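Observations on chain architecture
The residues making up each chain are set out below.
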Amino acid sequence: MLIDRYLIRAQLQAFCIVFISLAGLTFVIDAFTNLEEFMLHAEKTGGLLQVLGMYYGYRLISFFDATSPIISLASGMFALSWLERHNELTALLAAGITRWRIAKPAILFTLFVSLLAIGNREFVLPSIRFVIARNAQDLDGQTQKNFEARYDHETEILFRGKSYQEALQRLESPSLLMPPLLAELGPQIDAANAIWEPAATEHPAGYLLRGVSRPPDIDSLPALKLKNSTVIYTAEKSPWLKPNECFVTSGVSFEQMIGSSNWSLYSSTMNLVDAISNPSLGVGADVPLRVHARFVAPFLDISLVLLGLPLVLGPSRRGVFVAVGLCVLTTVAFFLTILGFHALATSYILGPSFAAWAPLMVMAPLAAWRAQPMWE
């Protein structure tokens, strides 16, 4: 038990040092690159340190999600290499303590970090993904950005527009191209802007179009239905609408409508499952791939550690720098294998489920074989 506490404390210290060093280096380079934008925003909010603290504080959480497997391995390697350098590893082996017993705290530490990453991915990141989505050029979310046309696959309405503002969840100059089944109001609906609104008592989730210019008589036109469900509400039978307004229902949220990758990258697994079953989205292979990849991630983290630790604890003793170099090569090959299978899935060559689990099928037996000397 004393050995476990000693090794876990050493790995925790190494983890903090590596994490802070990598995050600090990344953020310092990014801060100097975007310093002018931060200073301009600081004039509006009242302090540069406050702006930098908020901006990089949120990104520190996403940085942990992206780098925790690598840093777990690196911290374990550094902790064990430190024991080797001070001949403590030799003393432990001479005392009859097996290599597996020495590696056990590092494996348990990696499992703990992996579980912590799961909690962060499922509960913390989904609540702050809107803030993470904003870069240094759009800290307040009010910058006008170009909008690319997107389909609602359930109603087959093509949403077009000039630009959008993320903070206000507003499309500027929207022009909705109607499918044949919804063309009773005309081939398209043009408006000054469109605001995303969640489901309410009067209507389901969708977009409130204000300042409708086409068709010009929108207030006197009847509502349109598709499969017994109202798709377009007009003021004729919807008194909650103001003049020159209409409401278009859609299962595509504003975040999904503007094509933000953060909604799938930082959404919870349950939200991703809901998105797969959402007929309005018509998601590609990337979303189901991400769902399966989240289930396999803890097992891959353990596999990576089992691939790296024998470089230090194996019977063939290597120098610290040689072990670290081999660990870097192993890590690169590990992630290239994962990225390769994922690329095959997004190219529709492999199924998403197989592409997510295939790296584990390759790496788990290899990790068990590499770690075999530690069991002896």
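Treat the numbers as computed from the prediction; the structure is a model and nothing was measured.

Here the focus is the packing of aromatic side chains. As enumerated under the stated definition, the model contains 17 aromatic pairs in all. With a centroid separation of 5.9 Å and an interplanar angle of 55 degrees, the aromatic rings of Y233 and W240 are classed as tilted. When its relative accessible area of 14% is taken as the criterion, Y233 is described as buried. A relative accessible area of 29% places W240 in the partly exposed class. These aromatic residues form a ring-pair network of at least three members: F15, F19, F27, F38, Y55, Y56, F63, F64 and F109. Seen from the ring of Y55, R59 lies directly overhead, with NZ or CZ sitting 3.8 Å from the centre.

Another aspect to go through is the nonpolar core. Grouped together as the largest cluster of nonpolar side chains are 34 residues, with contacts concentrated most on I189 and L209. When sequence neighbours within four positions are dropped, the list of residues in contact with I189 reads P174, S175, L176, M178, L209, V212, R214, P215, I232 and C246. If you look at the next biggest cluster of nonpolar residues, it comprises 32 residues, including L7, M77, L300 and L313.

Moving on, we come to the pairing of strand β9 (residues 206-210). Counting buried residues in β9 gives four out of five residues, a clear majority hidden from the surface. Of the strand pairs in this sheet, strand β8 (residues 193-197) and β9 are connected by five bridges, and their pairing is antiparallel. In the strand pairing of β9, A194 is matched with L209. As judged from the five bridges shared by β9 and strand β12 (residues 245-249), these two strands associate in the antiparallel manner. Across the sheet, L209 pairs through a bridge with C246, a residue of β12.

Taken in spatial order, the four strands line up as β2-β3-β6-β7 in an open sheet, and their pairing is antiparallel. At either end of the open sheet lies a strand with only one pairing partner, and these are β2 (150-152) and β7 (188-190). Taking the axes of each pair of neighbouring strands and ignoring which way they run, one obtains an average angle of 20 degrees across the sheet. The pairing of β2 with strand β3 (residues 157-160) spans three bridges and is antiparallel. Residue pairing for β3: R150 is matched across the bridge by F159.

The next point concerns the sheet that holds strand β1 (residues 145-146). Taken in spatial order, the eight strands of this open sheet run β1-β4-β5-β8-β9-β12-β11-β10, and their pairing is antiparallel. If you trace the sheet from one side to the other, it starts and ends with β1 and β10 (224-226), each paired once. Examined bridge by bridge, strand β5 (residues 170-172) and β8 share three bridges and lie antiparallel to one another. Its bridge partner being in β8, E172 is matched across the sheet by N193.

Taking 1.5 Å per residue, 38 residues should reach 56 Å; helix α3 (residues 48-85) reaches only 43 Å between its end C-alpha atoms and comes up short. Most pronounced at T67, the bend in α3 amounts to some 65 degrees, and the proline P69 follows within four residues. Looking one or two residues past α3, N87 carries a phi angle of roughly 60 degrees, positive in sign.

Rules used throughout
- In this convention, every chain numbers its residues from 1, walking through the sequence in written order.
- Where totals are concerned, whole chains, interfaces and linings use all residues; where local detail is concerned, this predicted model gives features only for residues with pLDDT of at least 70, and gives and counts side-chain atom pairs only at 80 or more.
- Calculation of side-chain values draws on the structure's entire complement of heavy atoms; hydrogens and water are dropped beforehand.
- The criterion for an aromatic pair is that two Phe, Tyr or Trp rings (for Trp, the six-membered ring) have centres within 6.5 Å, with stacked assigned to planes under 30 degrees apart, edge-to-face to planes over 60 apart and tilted to the rest.
- For each residue, the accessible area found with a 1.4 Å probe, counting protein chains only, is set against the maximum for its type, and the residue is called buried under 20%, exposed over 50%, and partly exposed in between.
- In this analysis the charged atom, NZ for Lys or CZ for Arg, is taken to sit over a ring once it is within 6 Å of the ring centre and within 35 degrees of the ring normal.
- The definition of a nonpolar core used throughout is a set of buried Ala, Val, Leu, Ile, Met, Phe, Trp, Tyr and Cys residues joined through side-chain atoms within 4.5 Å.
- Should any heavy atoms of two residues lie within 4.5 Å, those residues are counted as being in contact.
- To qualify as a helix, a DSSP run of H or I must reach at least 4 residues; to qualify as a strand, a run of E must reach at least 2; elements of each kind are numbered from the N terminus.
- Between any two strands, pairing holds if DSSP finds at least two bridges.
- Here, axes are lines fitted to C-alpha atoms. For helices the fit covers the stretch in contact, and angles between N-to-C directions go from 0 to 180 degrees.
- Multiply 1.5 Å by the residue count of a helix minus one, and that product is the helix's expected span.
- The bend reported for a residue corresponds to the angle between axes fitted to the seven residues ending at that residue and the seven starting there.

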